[in-house]
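Here is how the chains run, residue by residue.
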Amino acid sequence: MPATDRDPAADPQARRRHPRLFRAVTRRRQPKLRRTDITVTDEAAVKRAVRAASLGNAMEWFDFGIYAYLAVTLGHVFFPSGNDTVQLLSSFATFAVAFLIRPLGGMVFGPMGDRLGRKKVLALTMILMAVGTFAIGLIPSYASIGFWAPVLLILFRMLQGFSTGGEYGGASTFIAEYAPDRRRGYFGSFLEFGTLAGYVGAAGLVTALTTWLGSDTMEAWGWRVPFLVAGPLGLVGLYLRLRLDETPAFQKLESDVTNVFDAADPVEATTKGDLAKIFRQQWPALILCVALVGAYNITDYMVLSYMPTYLSDELGYSETHGLLILLLVMVLLMLIITQVGRLNDRFGRKPVLMTGMLGFLFLSLPAFLLIGQGGVPAITAGMLMLGLSLVCMLGTMSAALPALFPTDVRYGSLSVGYNVSTSLFGGTTPLVITALIGWTGSNLMPAYYAMGAALVGVIAVACMKETAQQPLEGSPPSVETPEEAAELVMARAPEPKF
C-alpha cells in the first residue's frame, strides 16, 4: 500500500484541500510549549526526595546484604546439620525465595503507585520491609524448633521480597520525576549510592560482629543483631518518606492532564496503570527493561553479594578476609558513583552503560584469574576490575530505566519489568554459580556467567534510545531555574514569518 494511503498527512493534495484541519492536527500532536508547562524544580525538595528514596534503597540492600554475608552461618542455624555444601545451597535457596515473590509485589505495588501516588506506596513498602527483616532476627534456630525454623525463615523472606517488589521501581521513579532533566543522572546515582551504603553497612556490621564475637558466638546469637537493627532504620525511613510531597510529574498528571506532553494520546490521559495496559502497550520497553536489568543484576549480585562466600568457600579464605576486601572496594565505588552520574548526564546513558557491559565482557576472566592467584594485592586488583565495571551501571541505571516508560504507567511498568528480571536472574545468581562450580569443578564459572550476562547487556544497550537531558515520556520538561524555563520556551517557539 502506498505511503499516502496509510498516512493522509503525507498527501500534499489533502493538505491543500484542508489546511485548517491539518494545522489543528499538528497543534494537537505538537502543542506549543508554554511557560506553565515547564516544571521548575525546588532544589531543597529534590534533595529531600533523594535522601528519602535512597535511605529506603539502602535499607533494602542492608537487609539482603546481611543475609548474603551470613549465608554460611544461617545455613548452620536454620537447616539440619550434615553436608556443608547442602546447608549453603539451602541457605542460598532461601535467599532466592524472596526474589521469586518479588514480581508479585511489583504487580501489586506498581499499579497502586500509578493510581494512588508514589509517596503512599513507598511508605507502605518501607513498613513491610522493616517488619520482615526484624522478624527474621527473632526466629528460633533449627535446634530449638526443628522444621518450623526454616518455614518461618522462608515466610519472612517472602514478606521481604513482596515489599521490595515495589521499592526500586518506586524509588527510581520518585527521584527521576523530581530531578531536573539535565541532572537526572546525577541525582539518580544517589539511589545506587544507597545500595552501596546498605551493602557497606551490612558488610561492616557483620565483619565487626564476627571479629568481636567469634564464629561460635555469631552462630549462637550474634547473627540476630544485624536483622534487629532494621527495625529502627525502618522507622527513620518511614518518617522521611511521610514528610515528602508527591512528585511534580504525578501532580501534573493528576490535576491537569492537558498540560502534559502528548496529552492527545489516550495512554497519557489516565493514571489507571493496570497490568493489562502495561503488558499490552508497553511490552517492547518491558523486554528491553528485563534484558538490561538481568545483565545488571547478575553482575551486581555476583560482586556485592556472592564474592565473600566465593572467597571463603571456594578459595579457602576466612569470611572476615573476604568482607574486608569487598568493603574497601565498595567504599571506593561510593566515592566515585555520583561522578559517574555526572558523566552520563554529560555524555549520555548509552556510552556509560556500554562501558560497564564491555568491562564485564572482557575483564571478568582476567579478574577471576587474578583473584584465584590469592594474596591481598591480586584479589583487590581483580575485585577493582569488576567493581569499576559495575559502577558504570550502578551510576546510570536509576536514570535510564524510568525513562523507558511514560508517566501514567511508569511505576507499574518499571516494577514489573525490574522485578521479573531480578527474580529470574538476580536473586538466583549465588545459587546458580554455587551449583555450576559444584557441577563443573571450575572456579572460573562466575566469570563465564558474568560474561554471558554482559553479552546480553551489550545488545540491550545498543537497542535502547538515548534519554540524557530529555524530559521523561509523558511529563513536561523539568528545569532548575525560571531563566532556564524561559530559554527553553524561546528555543521551542516557532520561527516568525514575515
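Visitor: Requested: an account of the overall build of the chain, with residues and values cited.
Guide: Tallying secondary structure elements over the chain gives 23 helices and two strands in all. Burial status across the chain gives 56% buried among its 498 residues. Counting contacts in the chain only where the partners sit at least 6 residues apart, residues at least 24 apart contribute 84% of the total. Total accessible area on the chain is roughly 20400 Å²; 65% of this is exposed by carbon and sulfur atoms.

Visitor: So, the packing of helix 4 (residues 43–69) against helix 7 (residues 118–136): which residues are in play, and what are the values?
Guide: Packed helices, taken two at a time, are described by the angle their axes make and the gap between the axes. Here helix 4 crosses helix 7 at 25°, and the two axes come no closer than 11 Å. Judged by the inter-axis angle, helix 4 sits roughly parallel to helix 7. In this structure, helix 4 crosses over helix 7, and the sense of that crossing is left-handed. In contact with Gly56, Met59, Glu60, Asp63 and Ile66 of helix 4, helix 7 contributes Met126, Met129, Ala130 and Thr133. For the contact of helix 4 with helix 7, a count of residues per class yields five nonpolar, two polar and two charged.

Visitor: Tell me about the pattern of salt bridges, and please be specific about residues and values.
Guide: A pair can form between side chains of opposite charge whenever their charged atoms are brought close. Counted according to the given criterion, the structure contains seven salt bridges. The salt bridge involving Lys47 is made with Glu43; its shortest N-O contact spans 3.5 Å. Of this pair, Lys47 and Glu43 both sit in helix 4, four residues apart, which is roughly one turn of the helix. Across the salt bridge formed by Asp345 and Arg349, the nearest N and O atoms sit 3.0 Å from each other. Here Asp345 falls in the buried class, since its relative accessible area comes to 6%. Through salt bridges with shared partners, one network takes in Asp114, Arg118, Glu177 and Arg410.

Visitor: Lay out the side chain of Glu192 in plain terms, naming residues and giving numbers.
Guide: Among the secondary structure elements, Glu192 is positioned in helix 11 (residues 184–222). Despite being buried, Glu192 has no salt bridge partner; Arg102 is the closest side chain of opposite charge, sitting 9.7 Å away. Looking at Glu192, its side chain comes within polar contact range of the side chain of Tyr296, at 2.8 Å.

Visitor: I'd like to hear about the nonpolar core, residue by residue, with values.
Guide: Ranked by size, the top nonpolar core spans 118 residues in total, and within it Tyr69, Phe78, Leu292, Met330, Phe360 and Leu401 carry the most contacts. The element best represented in this core is helix 16 (residues 283–314), accounting for 16 residues. Excluding residues within four positions of it along the chain, Phe360 makes contact with Thr299, Met302, Val303, Leu386, Ser389, Leu390, Met393, Ala450, Met451 and Ala454. Grouped together as the second largest cluster of nonpolar side chains are seven residues, Met59, Met126, Met129 and Ala230 included.

Visitor: Can you break down the side chain of Ser415 residue by residue, with the values?
Guide: By the secondary structure assignment, Ser415 is in helix 20 (residues 410–426). Contact partners of Ser415, with chain neighbours within four places excluded, come to Gly106, Gly110, Gly165, Gly169 and Gly170.

Visitor: Break down the environment of Val461 for me, with residues and values.
Guide: Within the secondary structure, Val461 is located in helix 22 (residues 445–463). Remark: the alpha-carbon pair of Val461 and Leu353, spanning 108 residues in sequence, is separated by 7.0 Å. Beyond its immediate chain neighbours, meaning those up to four positions away, Val461 contacts Leu292, Lys350, Leu353, Met354 and Met357.

Visitor: Please give an account of a nonpolar patch on the surface that cites residues and values.
Guide: On the surface, Val331, Leu332, Leu335 and Leu388 cluster together to form a nonpolar patch covering roughly 340 Å² of accessible area. Residue contributions to the nonpolar patch peak at three residues, all from helix 17 (residues 319–347). For Val331, the location among the structural elements is in helix 17. According to the relative accessible area criterion, Val331 is partly exposed, its value standing at 38%.

Visitor: Account for the packing of helix 11 against helix 16, with residues named and values stated.
Guide: At their nearest, the axes of helix 11 and helix 16 sit 11 Å apart, and the two run at 30° to each other. Our classification of the angle between helix 11 and helix 16 gives roughly parallel. With respect to the hand of their crossing, helix 11 and helix 16 are arranged in right-handed fashion. Touching Glu192, Leu196 and Tyr199 of helix 11 are Tyr296, Tyr301, Leu304 and Ser305, all from helix 16. The residue inventory of the contact of helix 11 with helix 16, partitioned by class, reads five nonpolar, one polar and one charged.

Visitor: Give a detailed account of the confidence of the model for the chain, specifying residues and quantitative values.
Guide: Mean pLDDT over the chain: 81, with 85% of residues reaching 70 or higher. Considering only residues more than four positions removed or in separate chains, one finds that residues 1–9, a stretch of pLDDT under 50, has seven contacts. Between residues 256–273, whose pLDDT stays under 50, and residues either more than four places distant or in other chains, the model counts 45 contacts.

Visitor: Residue-level account of helix 21 (residues 429–440), with values.
Guide: With 12 residues, helix 21 should cover 16 Å at 1.5 Å per step; its first-to-last C-alpha distance of 16 Å lies within 8% of that length. Taken as a whole, helix 21 has its buried residues at Thr429, Pro430, Ile433, Thr434 and Ile437. One side of helix 21 holds all its buried residues, which, seen down the axis, span an arc of 125°. Looking at helix 21, the residues exposed on the side facing more than 90 degrees away from the buried face are Gly438 and Trp439.

Visitor: Pulling in residues and values, what's your account of unusual backbone geometry?
Guide: Although it is not a glycine, Gln469 sits at a positive phi angle of roughly 65°. Among the secondary structure elements, Gln469 is positioned in the loop between helix 22 and strand 2 (478–479). Residue Gln469 is classed as partly exposed on the basis of its relative accessible area, which comes to 42%.

Rules used in this analysis
Residues numbered from 1 in each chain as written. Predicted model: local features only at pLDDT ≥ 70, side-chain atom pairs only at ≥ 80, totals over all residues. Heavy atoms only, no water. Helix = DSSP H or I, 4+ residues; strand = E, 2+ residues; numbered from the N terminus. Buried < 20%, exposed > 50% of the residue type's maximum accessible area, 1.4 Å probe, protein only. Contact = heavy atoms within 4.5 Å. Areas by Shrake-Rupley, 256 points an atom, 1.4 Å probe, with all protein chains shown as cover. Axes fitted to C-alpha atoms, helices over the stretch in contact; angles between N-to-C directions. Parallel < 35°, antiparallel > 145°, perpendicular 65-115°, else oblique. Left-handed = near helix turned anticlockwise from the far one by under 90°. Nonpolar A, V, L, I, M, F, W, Y, C, P; charged D, E, K, R; others polar. Salt bridge = Lys/Arg side-chain N within 4 Å of Asp/Glu carboxyl O. Lys, Arg positive; Asp, Glu negative; His and termini not counted. Polar contact = N/O pair within 3.5 Å; in protein donor to acceptor, adjacent residues only side chain to side chain. Core = buried A, V, L, I, M, F, W, Y, C linked by side-chain atoms within 4.5 Å. Patch = residues over 30% accessible without salt bridge, like charges linked within 9 Å, V, L, I, M, F, W, Y side chains within 5 Å. pLDDT = per-residue confidence, 0-100. Expected span 1.5 Å × (residues − 1). Arc of directions from axis to C-beta.

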